[in-house]
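Here is what each chain is made of, one letter per residue.
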Amino acid sequence: MSGKTEVRFEEAESRKGVILILIAVTITFLSWLAYGRPFIMALLAMLAVYLMTGNRYQWIYIWSKTYKRDTIGLRVLLETMFRIWVWEKQGITVVTRWREVAKINPDKKAFVMDNRFLTFREGDEFSNRIAWYFKRQGFKAGEVIALFMETQPEYVFIWLAIKEIQHELRDIPLFQFNSPDRPNAPLLQDTSPLASELAEMSTEAYIDVEVAKPRDTLMYIYTSGTTGFPKAAIITNIRYLLIPLGVHTSARLSSADVIYDPLPLHHTAGGVLGAGQGLVLGCTVVLRKKFSASNYWSDAAKHDCTVAQYIGEICRYLLAVPKGPHDRAHNVKVIVGNGLRPQIWQEFVDRFGVERVLEFYGATEGNSNLVNLDSKVGAIGFLSRLVSSIYPLTLVKCDEITGEILRDENGRCITCGPHEPGLLLGKIDPKKAILTFSGYADKTASEKKMVRHVKVENDCYFNTGDILVMDHYGYFYFKDRTGDTFRWRGENVSTAEVEGVISNLVGLKDAVVYGVTIPNVEGKAGMAAIADPDIKVDISDLYKGITRSLPVYSRPVFLRILPEPPLTATFKLKKKELIKQGFNPSLHNDPMYFLQKTGYVVLTQILYDDIVKGNIRL
């Protein structure tokens, strides 16, 4: 296929997408005016069938099952895109948006932690003091200031007042802020007492001579580093506005909602998605210095929270807490986050009485976002099957072991069909805020995340690094990270799936699964590291459960019992060091076991040597 033909094809598809959007918007609007509900969207389904080609009866059936969901999705997408477009046209930044929000209800609680809180007025005044203070210290717009601080209400307002950085470490001046909870804490050597010196500063709004723009860098947030080293992701003003707005619109929240955010504020989930509900949208946000599974629901009840956040393995930790009176004695109607495993989804909803689960997919730096709007169990989001061109995400075929993208004879990526695992890519379009990719502070790392010539020559997509599966209805399910899947006995092993099974078998404890290399043996053998600080895991029972629940090729050949869970700050399991140590007992003191025909046996140094030398057949 020639380049010109490819361009014409994409233009035709784009025009078709635009036509469908206009038709969808018109019919939805008329339907809403006439009936207040979206059932006329069925007519759009019929029209779309004839605008598209293929098995018409199949498409009719799919639309009959998904048109309500797709209508809601279209509304959420268009509403979010329109509002962001308006904000960008108006030159709105996080600071200017905050000033608007703070004036609406100044005496309302903005951030709450334990028995202490800051109102919107107090937060604004505190932020102004910080801005004037650092101006007096000689800092200018465009410099980057590192914030190293525990979660507390003042955290957000400190970074809100100050901007960017770069000095050699030896030249960095240090400022110590003592929380009102610990005003007399001793100062570290060579630090300035920020809290006491702020009293001299004005509370008047600080207007910078150099006015910031929506696309300007607001902050750097380090990625969690689950599979490698953390990277400093660039967060622009417009991206900070987009993330909480998208969730707010998807979850149908209002400024009257109270958000429970027990997550670290130095990561995106807690500091942008959660804290942004207060800064950008006027909600009250309840913080906690350190996540506590046993206090999660009692905290939510104490502060009358209506929305609660989760991330990573948090939902599993909550289920592991013994049942108690606070399980349903709360007003939380919606939980928002990512990482709720399919194996425990329904149990979690049933036990804690949560009406809606807004599971979403996204990355700190990425432009490829999905949202599960209808609480479909196990799904991380969806795309409409018939009007997928509206939001240009695509699953492409790849080598699940290496992550290498497969291409056709024309050098283009190969799109996956339903139930075919593929690598998720998101089209980069600098003209649209929702599709931009600002990358990392390290430009080389940014370039590595870009894939070109995906559908036509010179197009550019963001590589999420995640392997997903889409079903016939357009729901997406997480399968694995590229590089995590390994091959054993001629089959691909999904580490995420095995982790979910093993975690359930050992009472919802942390379990990390990865492949390890054995000399002169093809593929990688599965190894599961289980966090068991109380030494309660029964290896014999675990073996029985594994043989019942997993096919032979997925069963871990090695087990390792860890004294503590290998977690990142955002409650995600990390495995880099575990993979490096492999199954060599001389590199650590943790108990390890080896799978034999009748069960797991202790892996001794002698047994390890026999395996490595090939004396034991695998």
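See the structure shown above.
Quick notes on the rules
- Residues numbered from 1 in each chain as written.
- Predicted model: local features only at pLDDT ≥ 70, side-chain atom pairs only at ≥ 80, totals over all residues.
- Heavy atoms only, no water.
- Buried < 20%, exposed > 50% of the residue type's maximum accessible area, 1.4 Å probe, protein only.
- Helix = DSSP H or I, 4+ residues; strand = E, 2+ residues; numbered from the N terminus.
- Pairing = 2+ DSSP bridges.
- Contact = heavy atoms within 4.5 Å.
- Axes fitted to C-alpha atoms, helices over the stretch in contact; angles between N-to-C directions.
- Core = buried A, V, L, I, M, F, W, Y, C linked by side-chain atoms within 4.5 Å.
- Salt bridge = Lys/Arg side-chain N within 4 Å of Asp/Glu carboxyl O.
- Expected span 1.5 Å × (residues − 1).
- Phe/Tyr/Trp six-rings, centres within 6.5 Å; stacked < 30°, edge-to-face > 60°.

Is there a simple way to explain unusual backbone geometry in this structure?
In most cases, non-glycine residues show a negative phi, while peptide bonds are predominantly trans. In this structure, Asp114 takes a positive phi of about 55° despite not being glycine. Residue class for Asp114 comes out partly exposed when judged on its relative accessible area of 46%. One non-glycine residue with positive phi stands out, namely Arg489, at about 55°. Tracing the backbone shows Arg489 in the loop between strand S19 (486–488) and strand S20 (491–493).

I'm lost on the sheet that holds strand S11 (residues 356–361) in this one. Help?
Adjacent strands of a sheet form backbone hydrogen bonds with each other and so pair up, either parallel or antiparallel. Ordered by their spatial adjacency, eight strands build an open sheet running S2-S1-S8-S7-S9-S10-S11-S12, and the pairing between neighbours is mixed. Since the sheet does not close on itself, it has two edges, and those belong to strand S2 (116–119) and strand S12 (370–371), each with one partner. Pairing geometry for strand S10 (residues 334–338) and S11, over four bridges, is parallel. Bridging from a neighbouring strand, Gly337 pairs with Glu359 of S11. On top of the sheet, helix H5 (residues 120–136) reaches strand S1 (109–113) and S2; it is set at about 80° to S2, its chief contact.

Got a minute to help me understand the nonpolar core in this structure?
Within soluble globular proteins, side chains that are nonpolar generally end up buried alongside one another. Residues Phe111, Phe157, Trp159, Tyr240, Leu279 and Phe476 are the most contacted members of the largest nonpolar core, which totals 81 residues. For this core, the element with the most residues is helix H8 (residues 237–250), which contributes seven residues. Of all hydrophobic cores here, the second largest spans 40 residues; its members include Val513, Leu550, Leu559 and Phe594.

Could you clarify how one ought to interpret the side chain of Asn584 in this entry?
Topologically, Asn584 is positioned in the loop between helix H17 (576–581) and strand S24 (592–596). Overall, the relative accessible area of 16% leaves Asn584 in the buried class.

How should I be thinking about the sheet that holds strand S25 (residues 599–602) in this particular structure?
Judged by pairing direction, the sheet is mixed, and its five strands sit side by side in the order S21-S22-S23-S24-S25 without closing on themselves. Each edge of the open sheet carries a strand with a single partner, namely strand S21 (511–516) and S25. Taking the axes of each pair of neighbouring strands and ignoring which way they run, one obtains an average angle of 25° across the sheet. In this structure, S21 lies alongside strand S22 (residues 525–531), joined through six bridges in antiparallel fashion. Bridging from a neighbouring strand, Val513 pairs with Ala528 of S22. Docked against the sheet, helix H15 (residues 495–505) engages S21 and S22, running at close to 135° with respect to S21.

What am I meant to see in the pattern of salt bridges here?
Pairing is possible between side chains of opposite charge, provided their charged atoms come close. Under the definition given, this model contains 22 salt bridges. One salt bridge connects Arg341 with Glu499, and the closest N-O pair in it is separated by 3.4 Å. Of the two residues, Arg341 sits in the loop between S10 and helix H13 (342–352) while Glu499 sits in helix H15, which places them 158 residues apart along the sequence. Note on accessibility: Arg341 and Glu499 belong to one class, buried. Counted as one network, the salt bridges with shared partners bring together Glu313, Arg316, Arg341, Asp484, Glu499, Asp510 and Lys575.

In this structure, what is going on with the pairing of strand S7 (residues 258–261)? I would like to understand it.
Side-chain direction in a regular strand flips from residue to residue, so the side chains alternate between the two faces of the sheet. Because side chains alternate across S7, one face comprises the buried residues Val258 and Tyr260, and the other comprises Ile259 and Asp261, equally buried. Taken together, the four bridges between S7 and strand S8 (residues 284–287) define a ladder with parallel strand orientation. Residue pairing in the sheet places Val258 in a bridge with Thr284 of S8. Note that S7 and strand S9 (residues 307–311) share two bridges and pair parallel. For Ile259, the partnering residue across the bridge sits in S9 and is Val307.

Is there a simple way to explain H5 in this structure?
An α-helical segment advances 3.6 residues per turn. Residues three or four places apart therefore align on the same side. The terminal C-alpha atoms of H5 lie 25 Å apart, and with 17 residues this matches the ideal 24 Å at 1.5 Å per residue to within 8%. Those residues of H5 that fall on the buried side of the exposure criterion are Phe120, Gly123, Asp124, Phe126, Ser127, Asn128, Ile130, Ala131, Tyr133 and Phe134. Of the residues one or two after H5, Gly138 is the one with positive phi, at around 100°.

Please clarify how the pairing of strand S15 (residues 422–427) should be interpreted in this entry.
Among the six residues of S15, five are classified as buried, and the element is accordingly described as predominantly covered. Pairing geometry for strand S14 (residues 393–396) and S15, over four bridges, is antiparallel. Residue pairing for S15: Thr394 is matched across the bridge by Leu425. As defined by bridge partners, S15 adjoins strand S17 (residues 460–470) across five bridges and the pair is classed as antiparallel. Residue pairing for S17: Gly422 is matched across the bridge by Leu468.

When you look at the side chain of Arg97 in this model, what are you seeing that I'm missing?
Mapped onto the fold, Arg97 is located in helix H4 (residues 94–104). Under the relative-accessibility criterion, Arg97 is labelled buried at 11%. The residues touching Arg97, leaving out its near neighbours within four places in the chain, are Arg83, Trp87, Ile92, Leu241, Leu279 and Val280.

Is there a simple way to explain H15 in this structure?
The element H15 is largely enclosed, with a buried count of eight among its eleven residues. Positive phi shows up at Gly507, right after H15, with a value of about 75°.

Looking at this model, I keep getting lost on the packing of aromatic side chains. Mind explaining?
What describes a pair of aromatic rings is the distance from one ring centre to the other and the angle between the planes of the rings. Here the structure, examined in full by the defined rule, presents 23 aromatic pairs. Taking the centre distance of 5.6 Å and the plane angle of 35° together, the rings of Phe558 and Phe594 count as tilted. One end of the pair, Phe558, is in strand S23 (residues 558–562); the other, Phe594, is in strand S24, and 36 residues separate them in sequence. Looking at Phe594, the relative accessible area reads 2%, which means it is buried. An aromatic cluster of three or more residues is present, and its members are Tyr260, Phe291, Tyr296, Trp297, Phe348 and Phe352.

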